[in-house]
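Listed here are the chains, written in short residue letters.
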Amino acid sequence: MVTILGIDVGTTSLKASLFNEQLKVLTSSRIEYPTRYPAQGRAEQDPEAWYRALAKAVRVLLDQSDHSARQVAGVAIAGMSSLALPVDRQGRPLMPGMIWLDRRARVQSDFIRQHHQGRLLATSGNRSDPSNFAPKVMWLRDNEPEIYKQARYFLHCNAYLVHKLTGVFSLDVSQCGLTQVCDIRTGEYSTELIESYGLERDKFPEIYGCNDLVGTVSRNAAVETGLPQGTPVMAGCMDNVAAILGLKLLNKDQAYISAGTATNIGVVLEEPVFDGRGLIYQHGIQGKWLINGSVDYGSAGLYWFRNLLETDFNALGTPESDSLSGRQPLLFLPYMTAQRAPLWNEDTYGAFIGLTPETDRKQLVKSIMVGAALGARHAYSELVGHLPKHLSLTGGPTANADWVRIFCNATGSNLVSRSDADVTCLGAAILAGVGVSLFPSFEDAMASAPRGKLYESEPEQTAYYDELYDLYVKTYHNLNWTFQQLNRLRKKYGGDG
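Residues numbered from 1 in each chain as written. Predicted model: local features only at pLDDT ≥ 70, side-chain atom pairs only at ≥ 80, totals over all residues. Heavy atoms only, no water.

## Describing the packing of helix 11 (residues 361-384) against helix 15 (residues 459-494)
Interaxial distance between helix 11 and helix 15 falls to 10 Å at its minimum, and their mutual angle equals 75°. When the axes of helix 11 and helix 15 are compared, the pair comes out roughly perpendicular. Seen from helix 11, the contacting residues are Lys-366, Val-370, Gly-371, Leu-374, Gly-375, Arg-377, His-378 and Ser-381; seen from helix 15, they are Tyr-465, Asp-466, Leu-468, Tyr-469, Tyr-472, Val-473 and Tyr-476. Among the residues making up the contact of helix 11 with helix 15, the classes are represented as 8 nonpolar, 4 polar and 3 charged. (Axes fitted to C-alpha atoms, helices over the stretch in contact; angles between N-to-C directions. Helix = DSSP H or I, 4+ residues; strand = E, 2+ residues; numbered from the N terminus. Parallel < 35°, antiparallel > 145°, perpendicular 65-115°, else oblique. Contact = heavy atoms within 4.5 Å. Nonpolar A, V, L, I, M, F, W, Y, C, P; charged D, E, K, R; others polar.)

## Considering the pattern of salt bridges
This structure, assessed with the given rule, holds 20 salt bridges. In this structure, the salt-bridge partner of Glu-44 is Arg-104, at a minimum N-O distance of 2.9 Å. Of this pair, Glu-44 sits in strand 4 (residues 44-45) while Arg-104 sits in the loop between strand 7 (97-98) and helix 2 (106-124), and the two are 60 residues apart along the sequence. Ionic pairing is found between Arg-103 and Asp-129, a salt bridge with its closest N-O pair at 3.0 Å. Taken together, the residues Arg-103 in the loop between strand 7 and helix 2 and Asp-129 in the loop between helix 2 and helix 3 (133-143) connect sequence positions 26 residues apart. Judged by relative accessible area, which is 14%, Arg-103 ranks as buried. Residue class for Asp-129 comes out buried when judged on its relative accessible area of 3%. In the salt-bridge network here, residues are joined through shared partners; they are Arg-36, Glu-44, Asp-102 and Arg-104. (Salt bridge = Lys/Arg side-chain N within 4 Å of Asp/Glu carboxyl O. Buried < 20%, exposed > 50% of the residue type's maximum accessible area, 1.4 Å probe, protein only.)

## Quick look at the sheet that holds strand 19 (residues 289-295)
Read across the open sheet, the 7 strands follow the order 18-19-17-16-22-23-24; overall the sheet is mixed. Of all strands in the sheet, those with a lone pairing partner are strand 18 (279-282) and strand 24 (453-455), marking the two edges. Recorded for the sheet is a direction-independent mean angle of 30° between the axes of neighbouring strands. The pairing of strand 23 (residues 414-417) with strand 24 spans 3 bridges and is antiparallel. Bridging from a neighbouring strand, Leu-415 pairs with Tyr-455 of strand 24. (Pairing = 2+ DSSP bridges.)

Interpretation note: all reported values are geometric properties and have no functional meaning in isolation.
What follows is the structure in structure tokens.
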């Protein structure tokens, strides 16, 4: 039996899944790693932690599987976006990776907005934002000139792992949109943008299509991971793009919620748009694009709450079922970090509204779940002006039927959800399968992928959430002045780091 390996490098963990020729998951593994927040606005991860996690996860898969490692036909890696990692000529990291939550490059992003925003929008379709790739590279040039000088290339996390496996430097085309150095139409570098920022073109690696073969597993990587030397490795894609492939979305106006660390929402497009409301990037399928918004750190609220209490998810308790009986309204605004598209707000904070002495842990858990769902609804309203009636849902919440039901009722949409495998790993596996010609087309691969479960919204519960949503949006707008003042005090007395 031929197998395919899909890998997802997320914000909190690396997940790997082994699939058969029908794209049914055979076995999965997940390894967590930490994020460091060394100063206000900074968020870093150790690149070697990603590779250790990959090697361990793959060995676990191969040990658990009844199938030989020699049967792996191909590998593709999906990774979080907007990461900047400088490496030397041998691919060795020169510092920790600045992940998408890192916003230290605000000065550089503001410079682009003030001087080059029109050109950037017309070329990439995206606004400048401190989280994006180019402002971070500029920050290194301005603040760590020796690291910038030593850097042979700046990589994304999946590209770093592709290099660890193959020795080849790359950038997959789905990451191009948020680099701020590419033309969204062509998926190629824009010399005009690069030069306007004062950066050097030769510090950026070659761009590949998501299902393009970059190289094969090297001898050293074979020893470290257990994969056979010579196994084909594709360029891979952004994690959100892989999730869309795993959800089998390839037609215009199909909509989704991808609830990972960020609660991402979006729609499939046949032409890119250039209005700056959302994040625009290439679909994993050539000739298609995605417009995306998010609640940054939205679905990660439960991780925060779990870590705050120094416990595990089981000990958090099961929230009350999504029914009207005994309802105790409690709002949680999940804006614990600055928000990108579509709110574009640098000054946000998380907030619980409605606490009483009777509020217990289960109610807090429930409010965090509801906050992620209402945040997704808010993002859709700001991004496209309406909430789609049919949505596909992926991410951590799909493992919890109560949370899926909350998403369904709080949005008032019918949801198709898959919980039997990690959909992002499935999307990566689809890229690998098409890349090695196991499937003649993406349509054939998606036809093989399992279907999800349909959840239909319930009118009575949705009516309640409609009222709660109105309060949610008004509360967000009413608190904006407070958020700004908290940020002012934080800068005045805490510093920006």
